[in-house]
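If you want the building blocks of each chain, they are given just below.
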Amino acid sequence: MGQLGRVLRSAIGMIYWKCRYGKRFQTSIVQGFDHLHVELPKEAQISLGGRIQNRGNLYLLGGQQGKMRIGGHVFFNTNCCVTCLGRIEIGDYCKIGNNTVIVDHDHNYRNTDGEYLTGEISIGNRVWIGANCTILRGARIGDDCVIAAGSVVRGEVPAGTLYYQKRQTELKEIGN
C-alpha cells in the first residue's frame, strides 16, 4: 500500500478511536499508524502529537486513571507496547526500536497498598531507544539521549547521554 493509502487508512482509524473514546483520545487525524491497538478504561487518557508512525503492531494501553502523552514526529518500530496506569510522557522526534516495552507500573507482589506500584515515566525530545529495551516506572530520560539495544532503564538518564549496560558472556561446559 502506498503512502497515501497508509495515511488514509490511519485517518479512518483515528476517527474510529475518537468516536470510541471521545475526549479521552486526543490526536490529529494525520498519522502514519499501521496496526494500532488502543485500550482506554473509563478514566484513562491518551494525547498524541501529529505525524506519529509505526511499523507493525503498536499497543497503547491505558489503565485506571493513566495519562499518556506522546509528542509529534515519533516513530515506533515493530511490536512496541506502552502501558500506562499513572503518567507517561514521550517527547517529540523520538525513535523507538522494535520489541520495546514502556511500563509505568509493577505488580505489588506484597499487595499491601493495592495491586500495582506506579511511577511516572518521562522521555525527552529526540531520544533514540534501541531494540528490545524495557523502560520501567520512575525512568526519566533527558533530551538527546541514546538508549542502547537490550537496555533496562530505571531512574535518571541525564540529557545527552549514551545509556548502555555492560554484559559478560559466560560459557560453561555441560556435564553428562
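Fair warning: this is a prediction, and the values are worked out from it, not measured in the lab. Residues take numbers from 1 onward in each chain, read along the sequence in its written order. Reporting in this predicted model follows two pLDDT cut-offs: at least 70 for local features of residues, and 80 or more for side-chain atom pairs to be given and counted; totals over whole chains, interfaces and linings ignore these cut-offs and use all residues. Side-chain measures here rest on the full set of heavy atoms in the structure, leaving out hydrogens and waters.

Chemist: Could you clarify how one ought to interpret the sheet that holds strand 5 (residues 58–62) in this entry?
Modeler: Within a sheet, each strand pairs with its neighbour through backbone hydrogen bonds, oriented either parallel or antiparallel. Strands are treated as partners if at least two bridges between them are detected by DSSP. Numbering of helices and strands runs from the N terminus; a helix is a DSSP stretch of H or I covering at least four residues, while a strand is a stretch of E covering at least two. Reading across from one edge, 2-5-8-11-16-19 is the order of the six strands in this open sheet, with parallel pairing throughout. The outermost strands of the open sheet, each flanked by one partner alone, are strand 2 (36–39) and strand 19 (152–153). Taken together, the four bridges between strand 2 and strand 5 define a ladder with parallel strand orientation. Bridge pairing in strand 5 places glutamate 39 opposite leucine 61.

Chemist: So what exactly am I meant to see when it comes to unusual backbone geometry here?
Modeler: A negative phi angle is the norm for most residues apart from glycine, just as the trans form is the norm for most peptide bonds. Non-glycine residue glutamine 64 carries a positive phi angle of around 50°. By secondary structure assignment, the location of glutamine 64 is in the loop between strand 5 and strand 6 (67–70). A positive phi is found at arginine 126, a non-glycine position, where the angle reads about 60°. Residue placement: arginine 126 occurs in the loop between strand 14 (121–123) and strand 15 (128–129). The exposure class of arginine 126 is partly exposed, given its relative accessible area of 42%. Burial classes: relative accessible area under 20% of the type maximum marks a residue as buried, over 50% as exposed, and values in between as partly exposed (1.4 Å probe, protein chains only).

Chemist: What exactly am I supposed to notice about the packing of aromatic side chains here?
Modeler: Aromatic ring pairs: the centre-centre distance and the angle between the two ring planes describe each pair. What counts as a ring pair is set by centres within 6.5 Å for rings of Phe, Tyr and Trp (its six-membered ring), and what kind of pair is set by the plane angle: stacked under 30 degrees, edge-to-face over 60, tilted for all other angles. Tallying each qualifying case throughout the model produces two aromatic pairs. When the ring of tyrosine 16 is compared with that of tryptophan 17, the centres are 4.9 Å apart and the planes differ by 70°; the resulting orientation is edge-to-face. Each ring, one from tryptophan 17 and one from tyrosine 21, has its centre 6.0 Å from the other, and the planes form 5°; the classification is stacked. On the criterion of helical spacing, the pair formed by tryptophan 17 and tyrosine 21 is a turn pair, its members being four residues apart in helix 1 (residues 3–21). Of the two residues, tryptophan 17 and tyrosine 21, both sit in the buried class.

Chemist: I would appreciate a short explanation of the pairing of strand 5 in the present structure.
Modeler: Looking along a regular strand, one sees the side chains alternate between the two faces of the sheet. Most of strand 5 sits out of view: four of its five residues are buried. Bridging between strand 5 and strand 8 (residues 80–84) involves five bridges; their strand directions are parallel. For leucine 58, the partnering residue across the bridge sits in strand 8 and is cysteine 80.

Chemist: Can you help me understand the sheet that holds strand 10 (residues 95–96) in this one?
Modeler: Spatial ordering of the open sheet is given by 4-7-10-15-18-21, a layout of six strands whose pairing is parallel. Each edge of the sheet is formed by a strand with only one pairing partner; in this case those strands are strand 4 (53–54) and strand 21 (162–163). Judged from the two bridges that link them, strand 15 and strand 18 (residues 146–147) form a sheet pairing that is parallel. Pairing of tryptophan 128 across the sheet is with valine 146, part of strand 18.

Chemist: So what exactly am I meant to see when it comes to a nonpolar patch on the surface here?
Modeler: Only residues whose relative accessible area exceeds 30% and that take part in no salt bridge are eligible for patches, with like-charged residues grouped when within 9 Å of each other and nonpolar side chains (Val, Leu, Ile, Met, Phe, Trp, Tyr) grouped when within 5 Å. Accessible areas in this description were obtained via Shrake-Rupley with a 1.4 Å probe; residue shielding takes into account the shown protein chains only. A carboxyl oxygen of Asp or Glu within 4 Å of a side-chain nitrogen of Lys or Arg is what we treat as a salt bridge. On the surface, a cluster of nonpolar side chains totalling about 230 Å² of accessible area is made up of Ile15, Ile29 and Val30. As for its position among the elements, isoleucine 15 is in helix 1.

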